[in-house]
Amino acid sequence: MGLNEKPLSTLHEKSSYNLDDFSVPTGREEKWRFTPLSRLKGLHDGTAEVTGQVVTQAYTPAGVSAEWVGRDDARVGQAYAPTDRVSAQAYNAFEKALVVTVPKEAVPAEPIQIELRGGGTAGVAYGHIVVKVEPMAEAVVVLDHQGSAVYADNVEFVVGDGATLKVVSLQDWADDAVHVSQHHAQLAKDATFRSFVVTLGGDLVRLSPSVSYTGQGGDADLSGVYFVDAGQHLEHRLLVDHSTPNCKSHVDYRGALQGEDAHAVWIGDVIIRVEAEGTDTYELNRNLILTDGARADSVPNLEILTGEVAGAGHASTSGRLDDEHLFYLQARGIPADQARRLVIRGFLGQLVDKISVPELRERVLAKIEAELEK
């Protein structure tokens, strides 16, 4: 499959399965200008040895299938074609893809757990996952990343007519990990997609969630929290491409940053194409800067190519803790450090409460508490 140009939008104009269709990034490109390429350890230019190891295991409830397939399987690449050099590199380099299928009208009693465990940063590894939820089925998927790795992958979520998929992706890597990942959800008629991203670990993590619609009535909600420590680079680049009438999207990402050279990047791109009348969309990013030396880059982009929308908006804020909130709590006898933790916990906790798996929600809250103790 060759180059697929999208002339209507200047934001996301090409996708291709062919690596040669993407030049090696220099850092001057819009897509790469925030990413420290020198810390990608060769993921972006093909110089890295493919000798790394990330072990992927799927734990599926009754009725759900998980299989390893070759790249010639028709389900691989059906919903998504790479849109940047690293994504194309990952697509061309993985050996086997994991395909998880939830049958028509099935409602598994337990979440589908996909664990990814890195075995070290000597050499890079590539992966590919497809989650297919057939019509009228409902499922919860947990992607749990741990260990040390230099890893790039593509994850496809294919949500059938009237189906519901909830995904929690936890980036809980060791401090030296590098992870570049593309998550793409394709929503059919009246499909519902709920994504929750938690990014805490890693030296450099760049995650790009995207959504497309193939039928009317699709509803996507993308939420995320991240906590950036000294020296960490955590980057989230979202794209919602509305090309079908009467679909919805809602984006809400929140982050906290502390320490010298803590760097968060959030890019939120929403395209409403000419044919996507009746679209209802909103995106929000908020960052709390907890110390000097931390930096948050937040860029919401909304491109509307039709005058017939139900609603469209975006907002972005980055700032310090609210002195009035802290004063209010301290005036009631709460010590300053505890008041600070309460405000941050409330800021992030509003989103964390949306995680539908109780034990995972508790784990994330405990991780945030540990960050606040540093």
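Residues numbered from 1 in each chain as written. Predicted model: local features only at pLDDT ≥ 70, side-chain atom pairs only at ≥ 80, totals over all residues. Heavy atoms only, no water.

(A) Geometry of the overall build of the protein chain. Looking only at helices and strands, the protein chain features four helices and 20 strands. A globule of 374 residues ought to have a C-alpha radius of gyration of about 21 Å, and the protein chain, at 20 Å, matches this closely. Principal-axis analysis of the C-alpha atoms places the extent of the protein chain at approximately 60 × 50 × 45 Å. The burial tally for the protein chain puts 56% of its 374 residues in the buried class. Here the contacts in the protein chain between residues at least 6 apart in sequence split such that 84% fall between residues at least 24 apart. When the accessible area of the protein chain is evaluated, it comes to approximately 15,100 Å², of which 48% is carbon and sulfur surface. Charge separation in the protein chain, taken as the distance between the mean sites of 34 positive and 54 negative side-chain charges, equals 1 Å. (Helix = DSSP H or I, 4+ residues; strand = E, 2+ residues; numbered from the N terminus. Rg over C-alpha atoms; globule rule 2.2 N^0.38 Å. Buried < 20%, exposed > 50% of the residue type's maximum accessible area, 1.4 Å probe, protein only. Contact = heavy atoms within 4.5 Å. Areas by Shrake-Rupley, 256 points an atom, 1.4 Å probe, with all protein chains shown as cover. Lys, Arg positive; Asp, Glu negative; His and termini not counted. Charge placed at Lys NZ, Arg CZ, Asp CG, Glu CD.)

(B) Quick peek at the sheet that holds strand β15 (residues 233-242). The strand order across the open sheet built from nine strands is β4-β5-β7-β9-β11-β13-β15-β17-β19, with neighbouring strands paired in mixed fashion. Two strands close off the open sheet at either side, each with one partner strand: β4 (65-69) and β19 (295-304). The sheet shows a mean angle of 10° between the axes of neighbouring strands, direction not considered. The pairing of strand β7 (residues 125-133) with strand β9 (residues 150-159) spans nine bridges and is classified as parallel. Looking at β9, one finds that Lys132 is bridged to Val158. Relative to the sheet, helix α1 (residues 85-93) contacts β7, β9 and β11 (178-187), its axis offset from that of β9 by approximately 85°. (Pairing = 2+ DSSP bridges. Axes fitted to C-alpha atoms, helices over the stretch in contact; angles between N-to-C directions.)

(C) Seen up close, the environment of Val228. Within the secondary structure, Val228 is located in strand β14 (residues 219-228). A relative accessible area of 0% means that Val228 is categorised as buried. Sequence-wise, Val228 and Ala79 are 149 residues apart; in three dimensions their C-alpha atoms are separated by 32 Å. Not counting residues within four places of it along the chain, the set of residues in contact with Val228 comprises Leu234, Ala256, Leu257, Gln258, Ala262, His263 and Ala264.

(D) Summary view of the domain arrangement of the protein chain. You can read the domains of the protein chain as domain 1 (19-320) and domain 2 (322-374). Spacing between the C-alpha centres of domain 1 and domain 2 amounts to 26 Å. On the domain 2 side, the residues contacting the 29 residues of domain 1 number 19 residues. Here domain 1 packs against domain 2, burying approximately 2,100 Å² in sum over the two surfaces, 66% of which is carbon and sulfur. For the domain 1 face of the interface with domain 2, the top three residues by lost area are Phe196, Phe227 and Arg254, together amounting to 24%. The tally of links from domain 1 across to domain 2 stands at four salt bridges. A salt bridge links Asp144 to Arg363; its shortest N-O distance comes to 2.8 Å. At the junction of domain 1 with domain 2, the criterion picks out eight residue pairs in polar contact (both at pLDDT 80 or more). When contributions to the side of domain 1 that touches domain 2 are tallied by element, the ones reaching two or more residues are β8 (138-148), β10 (164-171), β12 (192-199), β14, β16 (248-257) and β18 (279-289). (Domains from an automatic or database assignment. Buried area = accessible area lost by both parts, 1.4 Å probe. Salt bridge = Lys/Arg side-chain N within 4 Å of Asp/Glu carboxyl O. Polar contact = N/O pair within 3.5 Å; in protein donor to acceptor, adjacent residues only side chain to side chain.)

(E) Looking closely at the packing of helix α2 (residues 323-330) against helix α3 (residues 336-352). Running from N to C, α2 and α3 point in directions that differ by 125°, and their axes come no closer than 9 Å. Judged on the interaxial angle alone, α3 and α2 are oblique. Crossing of α2 against α3: the hand is right-handed. Facing His325, Leu326, Leu329 and Gln330 of α2, the residues of α3 in contact are Ala336, Ala339, Arg340, Leu342 and Val343. Classifying every residue of the contact of α2 with α3 gives six nonpolar, two polar and one charged. (Parallel < 35°, antiparallel > 145°, perpendicular 65-115°, else oblique. Left-handed = near helix turned anticlockwise from the far one by under 90°. Nonpolar A, V, L, I, M, F, W, Y, C, P; charged D, E, K, R; others polar.)

(F) Highlighting the side chain of Asp172. Mapped onto the fold, Asp172 is located in the loop between β10 and β11. Classification of Asp172 as buried rests on a relative accessible area of 13%. Excluding residues that lie within four positions of it along the chain, Asp172 makes contacts with His145, Gln146, Gly201, Arg363 and Lys367.

(G) Representation of α1 within the structure. Burial runs high along α1: seven of the nine residues are buried. For α1, the set of buried residues is Arg85, Val86, Ser87, Ala88, Gln89, Ala90 and Tyr91. The inward-facing, buried residues of α1 contact β7, β9 and β11. N-cap assignment for α1: the residue whose side-chain oxygen lies 3.1 Å from the backbone N of Val86 is Asp84.

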